[in-house]
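Topology and contacts: notes
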Amino acid sequence: MKFGTVNHQGKAALVVKQGEDVVLLAPLYAKAGLGAAPDSMNTLIEGGAEELARAARALSVTDADAVIATPDWLPPQPRPSKILGVAFNNMGIRKAAHRDPGVPNFFLKAPSCLTGHGKPIIMEQHYGETIPELELAGIIGKRCRKASVEEARAAIFGYTITNDVTSHGMKFGMDSIATTREPDLIRPHHLQWRNLHGEDDRDVYFVYHTRSKATDTFGPTGPWITTADEVADPDNLAVKGWLDGEPFAVDSTASYRFKIAEVVAEASRYFTLEPGDMVCFGTSAKGMGKFPNGHRSVNMHKMKGVIDIEIEGLGRLSNPVVHDWEE
């Protein structure tokens, strides 16, 4: 099943894909005699297998009045308690790393950065170079802490598409700082993750992915969450990206350094994952045509147009890029 969230008469409402139609879930529940439908994605997810079974029964009926012809999309999961991302999880870009730490490199995005299918990605002039990142995201279905790989796989409610918009201009211009430590303050862990530039190299670098990853509109997601039972192998899904209809990236989740369940299991060692939490598994990186470096060839600070992302079996996410200084 595919579930989403739309703005309907000024309120967030759950929708379901029925054939090619976008259909309000609540009227289907009522027509099927199932009582009140879940009032949010969190409620649906927390209802577990029992609620999914009720939703499946609701889909056995139709209601022409519940079809939404022109949906006003919100992010399908508007209120996760947290959004986890994984940096350098694509083997095509990870090969440039000085050292492979052997574990996923996690960062957090603010839920307030989420925006829906069709909504603009807004660039401000001081953002500098800003790129799209085409990613598979998993939505956690049940609370897990220190989960095994198998437990982690079973904890995923479903999958969606996300664009992990990243401003390199803000990352290196505002979210990073370099220091030179005095010899008595240097510890092995300060330097062992990178190549040194001579014996006297005591430079320590700090990068905080906050503005660069979590600014408003930097988390386009959706339009659908596809339930996990309909995604046979999330570790082998084709991922494609277009700018105004011209392909700039063709890759696969098979390129991930760490597989889906491995990422979730590792995350659960440090963060209690709650139902509805969102885990973004990493970007696609293989370029094509006039975009030899894939997403890294698309600077949304200079280029306008519509970014389309398609992941096999999940649908297509489309968002226009808007330069606010040109309005």
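Structural data are supplied above this passage.
None of these values were measured; they are calculated from a predicted model.

Remarks on the sheet that holds strand β17 (residues 238-243)
- Pairing is mixed in the open sheet, where 5 strands are placed in the order β8-β21-β20-β17-β18. For this open sheet the edge positions go to β8 (121-123) and β18 (246-252), each flanked by a neighbour on one side alone. Pairs of neighbouring strands in the sheet enclose a mean axial angle of 20°, with direction left out of account.
- Here strand β20 (residues 305-311) runs beside strand β21 (residues 315-323); their pairing, made up of 7 bridges, is antiparallel. Looking at the pairing, isoleucine 307 lines up with asparagine 319 of β21.

Some remarks on the environment of glycine 173
- Relative to the assigned elements, glycine 173 resides in helix α6 (residues 168-173).
- The sequence separation of glycine 173 and tyrosine 127 amounts to 46 residues, and the corresponding C-alpha distance is 9.2 Å.

Structural notes on unusual backbone geometry
- Cis geometry is adopted by the peptide bond preceding proline 223, which originates at glycine 222 and carries an omega value of -5°.
- With a phi angle near 55°, lysine 146 is a residue other than glycine that sits in the positive phi range.
- Turning to its location among the elements, lysine 146 is positioned in the loop between β10 (134-140) and α5 (149-154).
- If you check the backbone angles, threonine 217 has positive phi at about 75° while not being a glycine.
- Threonine 217 sits in the buried class, given a relative accessible area of 14%.

Re the nonpolar core
- If you look at the biggest cluster of nonpolar residues, it comprises 44 residues, and the most contacted ones within it are Leu136, Tyr159, Phe248, Phe281, Met300 and Ile307.
- Grouped together as the second largest cluster of nonpolar side chains are 33 residues, Met1, Phe3, Leu34 and Val61 included.

So, the pairing of strand β19 (residues 278-283)
- The buried fraction of β19 is high, at 6 of 6 residues.
- Bridge analysis of strand β5 (residues 83-87) against β19 gives 3 bridges, and the strand direction is parallel. Its bridge partner being in β19, glycine 85 is matched across the sheet by cysteine 280.
- Pairing analysis gives 4 bridges linking β10 to β19, with the strands arranged antiparallel. Along β19, the bridge assignment pairs glutamate 135 with threonine 283.

Some remarks on the packing of aromatic side chains
- Overall, the coordinates contain 7 aromatic pairs when judged by the stated rule.
- Taken together, a centroid distance of 6.0 Å and an interplanar angle of 65° make the contact between phenylalanine 248 and phenylalanine 291 edge-to-face. With a gap of 43 residues between them, phenylalanine 248 in strand β18 and phenylalanine 291 in the loop between β19 and β20 connect regions that are remote in the sequence. Just as phenylalanine 248 is buried, phenylalanine 291 falls in that class too.
- Taken together, the ring pairs connect Phe106, Tyr270 and Phe271 into an aromatic cluster.
- Note that arginine 316 overlies the ring of tryptophan 242, its terminal NZ or CZ placed 4.1 Å from the centroid.

Things to note about helix α9 (residues 260-268)
- The buried fraction of α9 amounts to 8 of the 9 residues, a majority that puts the element mostly inside the structure.
- Buried-residue contacts for α9 involve β5, β6 (105-109), β10, α5, β11 (156-163) and β19.

Details of the side chain of serine 252
- Among the secondary structure elements, serine 252 is positioned in strand β18.
- In terms of polar contacts, serine 252 uses its side chain to reach the backbone amide nitrogen of alanine 254, at 3.0 Å.

Digging into the pattern of salt bridges
- According to the stated counting rule, one finds 17 salt bridges in the structure shown.
- When salt bridges that share partners are traced, they join Lys109, Glu133, Asp164 and Lys213 into one network.

Side note on helix α3 (residues 48-58)
- By the burial criterion, the buried members of α3 are Glu51, Leu52, Arg54, Ala55 and Ala58. Buried residues of α3, viewed axially, fall in a sector of 155°; they line one side. Of the residues in α3, the exposed ones pointing more than 90 degrees away from the buried face are Ala49 and Glu50.

Conventions used here
- Residues numbered from 1 in each chain as written.
- Predicted model: local features only at pLDDT ≥ 70, side-chain atom pairs only at ≥ 80, totals over all residues.
- Heavy atoms only, no water.
- Pairing = 2+ DSSP bridges.
- Helix = DSSP H or I, 4+ residues; strand = E, 2+ residues; numbered from the N terminus.
- Axes fitted to C-alpha atoms, helices over the stretch in contact; angles between N-to-C directions.
- Buried < 20%, exposed > 50% of the residue type's maximum accessible area, 1.4 Å probe, protein only.
- Core = buried A, V, L, I, M, F, W, Y, C linked by side-chain atoms within 4.5 Å.
- Phe/Tyr/Trp six-rings, centres within 6.5 Å; stacked < 30°, edge-to-face > 60°.
- Lys NZ or Arg CZ within 6 Å of the ring centre and 35° of its normal.
- Contact = heavy atoms within 4.5 Å.
- Polar contact = N/O pair within 3.5 Å; in protein donor to acceptor, adjacent residues only side chain to side chain.
- Salt bridge = Lys/Arg side-chain N within 4 Å of Asp/Glu carboxyl O.
- Arc of directions from axis to C-beta.

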